[in-house]
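The lines below spell out each chain.
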Amino acid sequence: MLDQLLIFTRGGLILWELGSSLKGSPIDALIRSCLLEERSADAAFHYDVPGAAGGAAYTLKWAFDNDLGLVFVAVYQRIFHLLYVDDLLAAVRREFSRIHDPSRTSYDDFNETFRQLQKEAESRAEEMRKSKQAARVPTAPKKQTSGSGKQRNSGSSGNTSGSGKDESDGDSGKGRWLANGSSNGQGNESKDNSRAPSGFLKGKENGAPEVGAFDVNKLQKLRAKGGKKTDSGGVGSKATKAEPKKNVKKNRVWDDSPSESRLDFTNPVDERGEEPLEVVVADRGESMMDKEEIVSSESESEEGEEVENEKPCTKKKGWFSSMFQSIAGNAVLEKSDLKPALKALKDRLMTKNVAEEIAEKLCESVAASLEGKKLGSFTRVSSTVQTAMEEALLRILTPKRSIDILRDVHVAKEQGRPYVVVFVGVNGVGKSTNLAKVAYWLLQHEVNVMLAACDTFRSGAVEQLRTHARRLQIPIFEKGYEKDPAIVAKEAIQEAKSNNSDVVLVDTAGRMQDNEPLMRALSKLINLNNPDLVLFVGEALVGNDAVDQLTKFNQKLADLSMILNARLIDGILLTKFDTIDDKVGAALSMVYVSGAPVMFVGCGQSYTDLKKLNVKSIVKTLLK
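The model shown is predicted, which means the values in this text are computed figures rather than measured ones. (Residues numbered from 1 in each chain as written. Predicted model: local features only at pLDDT ≥ 70, side-chain atom pairs only at ≥ 80, totals over all residues. Heavy atoms only, no water.)

1. Some details on helix α19 (residues 485–498)
For α19, spanning 14 residues, the distance from its first C-alpha to its last is 20 Å, which sits close to the expected 20 Å at 1.5 Å a residue. Buried-residue contacts for α19 involve β8 (419–424), β9 (449–453), β10 (476–477), β11 (503–507) and α20 (516–529). The positive-phi residue at the C-terminal boundary of α19 is Asn500, with phi of around 60°. (Helix = DSSP H or I, 4+ residues; strand = E, 2+ residues; numbered from the N terminus. Expected span 1.5 Å × (residues − 1). Contact = heavy atoms within 4.5 Å.)

2. Section: the sheet that holds strand β13 (residues 571–575)
Pairing between the strands of a sheet comes from backbone hydrogen bonds, and it takes one of two forms, parallel or antiparallel. Reading across from one edge, β10-β9-β11-β8-β12-β13-β14-β15 is the order of the eight strands in this open sheet, with mixed pairing throughout. With one partner strand each, in any of the chains shown, β10 and β15 (610–611) form the two edges of the open sheet. In the packing of helix α16 (residues 405–414) onto the sheet, contacts are made with β8, β11, β12 (533–539) and β14 (598–602), and the angle to β8 comes to roughly 135°. (Pairing = 2+ DSSP bridges. Axes fitted to C-alpha atoms, helices over the stretch in contact; angles between N-to-C directions.)

3. Quick look at the pairing of β9
Among the five residues in β9, five count as buried, and that is most of the element. Side chains Val449, Leu451 and Ala453 of β9 all project onto a buried face; the interleaved residues Met450 and Ala452 project onto the opposite face, where all are buried too. Direction of pairing for β9 relative to β11: parallel, over a ladder of five bridges. The residue bridging Ala453 from the neighbouring strand is Asp507, located in β11. Bridge analysis of β9 against β10 gives two bridges, and the strand direction is parallel. (Buried < 20%, exposed > 50% of the residue type's maximum accessible area, 1.4 Å probe, protein only.)

4. What to know about the environment of Ala436
Within the secondary structure, Ala436 sits in helix α17 (residues 431–444). Among the residues examined, Ala436 registers a relative accessible area of 0% and is labelled buried. Counting along the chain gives 29 residues from Ala436 to Leu465, while the straight-line C-alpha distance between them is 8.1 Å. Dropping the residues within four chain positions of it, Ala436 is found in contact with His468, Leu472 and Tyr607.

Encoded structure:
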């Protein structure tokens, strides 16, 4: 049973609604989690009512009228498998588009039309179900066909051509049963034999194969020739193969400065590292977080000049071929028109290190938003697709909520508690290093920071964080190794309250997304201490693996959580961004999968090398 059908504009104005009241807000969840996140090409959206005792759940399906800017949404309970919903949405879209008037805001006269369309769709679905059941019935009697098959074979050996003629002149209904795989009725087998490749049968029985028949002798000769060639080629390659020269590795010189002979710059300290180092806060300068700079490898001005230089060439090249199509205008875009442009766009995104699955879904979503839309005069399909993709990427990468950590820190300070940030991620992505960069940035804004060494698993992790704490002159809470990290974090937060620290940065052990014991320990740490921010630290170098990492991290945190509303990843910190040139697709893949914004970008080895994500620059680089 259909619970609700809703028609509204892309601006959010509800034009028509029919149905009962729903539990929760499935329509809002669909718009927030699916339509705005460029997942409109999905077949359906499933919504679980939060806190429902009976486990109420809905399935939502939708359709677009891109020319009029309308959205049609049908809602029904998930336990019902309604087969007519897609057909009903198509009929409602067709009929409502005919009576749509931009000046009208109410369509009460559409109620009777909808009821008639619903009855027709239900009757068509019922007829289809009955026809499928009827199609399965003739498949039962298979023993009769084996017995009658022998009889037909013996009868057809005497007069093969006559039997073929009689069966071909038979009822056309039997021919359809044959196409569906049924073996009911006489003459099906002989008709199959008549359709078999005649050359192969004659060559096997009479010894005279026709053209196109399978010749074993010829295949053996070709294999023999191929084997000789490969053997001779292999000997020659071994004889002519020369030993590679050994290249001696030289010291790398990064600029014109003279090379340094001394490589060990560490200061002599004891095993606890108690000797004070110089304060680096005043020497390192301002963090890049407070500077408006471009994240990509090239400056925005250079990119703009390249685009301007490329435009005349592109126009000159494609103007004559698309002149007649562009002059006509008002052409309705179809899937066949969009397919070449979307294929080129998908390949371009994949070359920028976007995961293949994400690129495919984005192109499908753009196609769904453009299909049925009228193309304006002097407008090319490729430019229309490019503009739609650019708008989609901007919507995805733009944060949906505030990512101002400094404001949240002051709010927590007014409440008399420290602001807690937990850094999580796989092994070797730079969690401890970028934690120190975040601490340096917070210190520049006069925020009291304390570090919590909760990586009690990796050897040297506590010493590494202790070194950062000494260089930044900030306190650190540590308990050594082989301790429960959840308890260590809890004691660190209590220590921060007594010391009036504003922020606690919790370092955790690196773990693979498939390591259940370590993921269980991480879930315990998050659920026990309820941090204000869970930051996933990921490399900008990864492509398809970014999807797997984030998906499984969120899945494990949800599955292993002991509370109903499990804490998931709140934000992303991308590291090693200075090593990827224009392969910036990992940022898009991570944001698309998790829905969490990119809050920091690590782009170097010093404490100041921490930036904000420039969304416009990333979009330009992806589509360049």
